[in-house]
Amino acid sequence: MDGNGRWANSRGLPRTAGHAAGVNTVRTVVEAAVRRKVGALTLYAFSSDNWHRPRTEVGAIMQLLVSRLPKESRKLAREGVRLSVIGRRDRLAQDVIRAIKAAETRTHAGTQLHLRLALDYSARGALARAARHLKSNRNGRPAAQDFESALAGAYHCEKPVPDVDLLIRTGGEQRLSDFLLWECAYAELYFTRCPWPDFNDAALDEALAEFCKRQRRFGRVPSA
Ligand code: IPE
Ligand code: MG
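Residues numbered from 1 in each chain as written. Chains lettered and ligands numbered in written order. Predicted model: local features only at pLDDT ≥ 70, side-chain atom pairs only at ≥ 80, totals over all residues. Heavy atoms only, no water.

Observations regarding the pattern of salt bridges
No. 1: Considering all chains together, one arrives at 21 salt bridges under this definition.
No. 2: Put simply, Glu72 and Arg27 hold a salt bridge, and the shortest N to O gap is 3.0 Å. Here the residue Glu72 occupies a position in helix α3 (residues 55-79), and Arg27 occupies one in helix α2 (residues 15-35), the gap between them amounting to 45 residues. (Salt bridge = Lys/Arg side-chain N within 4 Å of Asp/Glu carboxyl O. Helix = DSSP H or I, 4+ residues; strand = E, 2+ residues; numbered from the N terminus.)

A closer look at the environment of Thr56
No. 1: With respect to the helices and strands, Thr56 occurs in helix α3.
No. 2: Measuring from C-alpha to C-alpha, the distance between Thr56 and Ala17 comes to 12 Å, with 39 residues separating the pair along the chain.

Some points on the packing of helix α5 (residues 123-137) against helix α6 (residues 144-154)
No. 1: Two elements in contact, α5 and α6, have axes whose closest approach is 8 Å; the angle formed by their N-to-C orientations is 120 degrees. Taken as axis vectors, α5 and α6 run oblique relative to one another. Taken as a pair, α5 and α6 cross one another with a handedness that is right-handed. Residues Ala126, Leu127, Arg129, Ala130, Ala131, His133 and Leu134 of α5 lie in contact with α6, whose contacting residues are Asp146, Phe147, Ala150, Leu151 and Ala154.
No. 2: A class-by-class count of the residues in the contact of α5 with α6 yields 9 nonpolar, 1 polar and 2 charged. (Axes fitted to C-alpha atoms, helices over the stretch in contact; angles between N-to-C directions. Parallel < 35°, antiparallel > 145°, perpendicular 65-115°, else oblique. Left-handed = near helix turned anticlockwise from the far one by under 90°. Contact = heavy atoms within 4.5 Å. Nonpolar A, V, L, I, M, F, W, Y, C, P; charged D, E, K, R; others polar.)

Brief notes about the packing of aromatic side chains
Describing an aromatic ring pair means giving the distance of the ring centres and the angle of the ring planes.
No. 1: With the rule as written, the count across this model stands at 8 aromatic pairs.
No. 2: Plain terms: the ring middles of Tyr121 and Tyr155 are 5.6 Å apart, the flat faces sit at 85 degrees to each other, and that makes the pair edge-to-face. In this pair, Tyr121 sits in strand β3 (residues 113-121) while Tyr155 sits in the loop between α6 and β4 (166-169), placing the two residues 34 residues apart along the sequence.
No. 3: Assessed through its relative accessible area of 2%, Tyr121 is described here as buried.
No. 4: For Tyr155, a relative accessible area of 3% corresponds to the buried category.
No. 5: With 6.0 Å between their ring centres and 80 degrees between their planes, Tyr121 and Phe179 make a pair best called edge-to-face. Here Tyr121, found in strand β3, pairs with Phe179, found in the loop between β4 and β5 (188-191); they are 58 residues apart in sequence, far enough to count as distant.
No. 6: Given the relative accessible area of 9%, Phe179 is considered buried.
No. 7: One aromatic cluster in this structure is built from Tyr44, Tyr121, Tyr155 and Phe179. (Phe/Tyr/Trp six-rings, centres within 6.5 Å; stacked < 30°, edge-to-face > 60°. Buried < 20%, exposed > 50% of the residue type's maximum accessible area, 1.4 Å probe, protein only.)

Thoughts on the nonpolar core
Where a protein is soluble and globular, its nonpolar side chains tend to be buried together.
No. 1: The biggest cluster of nonpolar side chains holds 34 residues, and the ones touching the most others in it are Val30, Leu41 and Leu115.
No. 2: Breaking this core down by element, the ones donating at least two residues are α2, β1 (40-47), α3, β2 (81-86), α4 (94-107), β3 and α7 (201-213).
No. 3: Of the residues forming this core, the biggest block, 7 residues, is contributed by α3.
No. 4: Every residue in contact with Leu115, bar those within four places of it in the chain, is listed here: Val30, Leu41, Leu43, Leu76, Val81, Arg82, Leu83 and Ser84.
No. 5: By size, the runner-up hydrophobic cluster in this structure holds 22 residues, among which are Tyr44, Ala126, Ala130 and Tyr155. (Core = buried A, V, L, I, M, F, W, Y, C linked by side-chain atoms within 4.5 Å.)

Some words on the site of ligand 1
No. 1: Near ligand 1 you find 13 residues, and of these Met1, Asp2, Arg6, Arg15 and Arg53 are the closest.
No. 2: Within the contact set of ligand 1, an oxygen atom lies 3.4 Å away from a backbone nitrogen or oxygen of Gly3.
No. 3: In the environment of ligand 1, an oxygen atom lies 2.7 Å from a nitrogen or oxygen atom belonging to the side chain of Arg53.
No. 4: A total of 380 Å² of accessible area belongs to ligand 1 in isolation, and the protein chains cover 88% of it.
No. 5: Listing elements by their share of the shell around ligand 1, those giving two or more residues are α1 (4-9), α2 and α3.
No. 6: Element by element, the count of residues in the shell around ligand 1 is highest for α1, at 3 residues. (Near = heavy atom within 4 Å. Polar contact = N/O pair within 3.5 Å; in protein donor to acceptor, adjacent residues only side chain to side chain. Areas by Shrake-Rupley, 256 points an atom, 1.4 Å probe, with all protein chains shown as cover.)

Coordinates in, geometry out; function isn't part of it.
Structure, rendered in structure tokens:
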């Protein structure tokens, strides 16, 4: 979900207006993802490094969550979309945590799409926490599943942690920025200059069409 700030500034608006516009894109993209039968969609809403932004901007993003989650989660529940939030919760304000928990409870029965919102998320943070957890819990050598299980537990994810098939980055940058590093081991990467507030169903279709053209080999040779 990158490019909100630049989108707003290019219109002479404050960055926070870009974040508000970005919430509307979430709605558009969720509806498109349901139509396209995407099973799971993870949106990188706030990284752990985003805490270093000006206090007013961080506050505006948190306020958007508190003000929009109740109404949006009611819509998601009607559409059969299950919302979960991955990331750290210990640094979020109580009203944000309450809004998240209420939204997760309200949407828990959804089967059409699993929408994951990454909030105070850092892939390195999750990996480090998983490693610490394993170290303190085991004497023998942990298996890969043990690690995946610890990784899921570290940041409120499901078990097993789902692999990413397609990573779409909006806003023109070409980097991963500490997002789902373990889960993206074999992700197809798709970069678009389109800023998040302008991303829509046609843009998602373009990304999906590109994904369909990729040959995924997972380190093997193509089957004859
Ligand atoms: C992404 O947009 C949203 C968040 C990280 C909260 P940015 O705020 O990073 O927008 P740009 O990259 O400055 O345009
Ligand atoms: Mg950015």
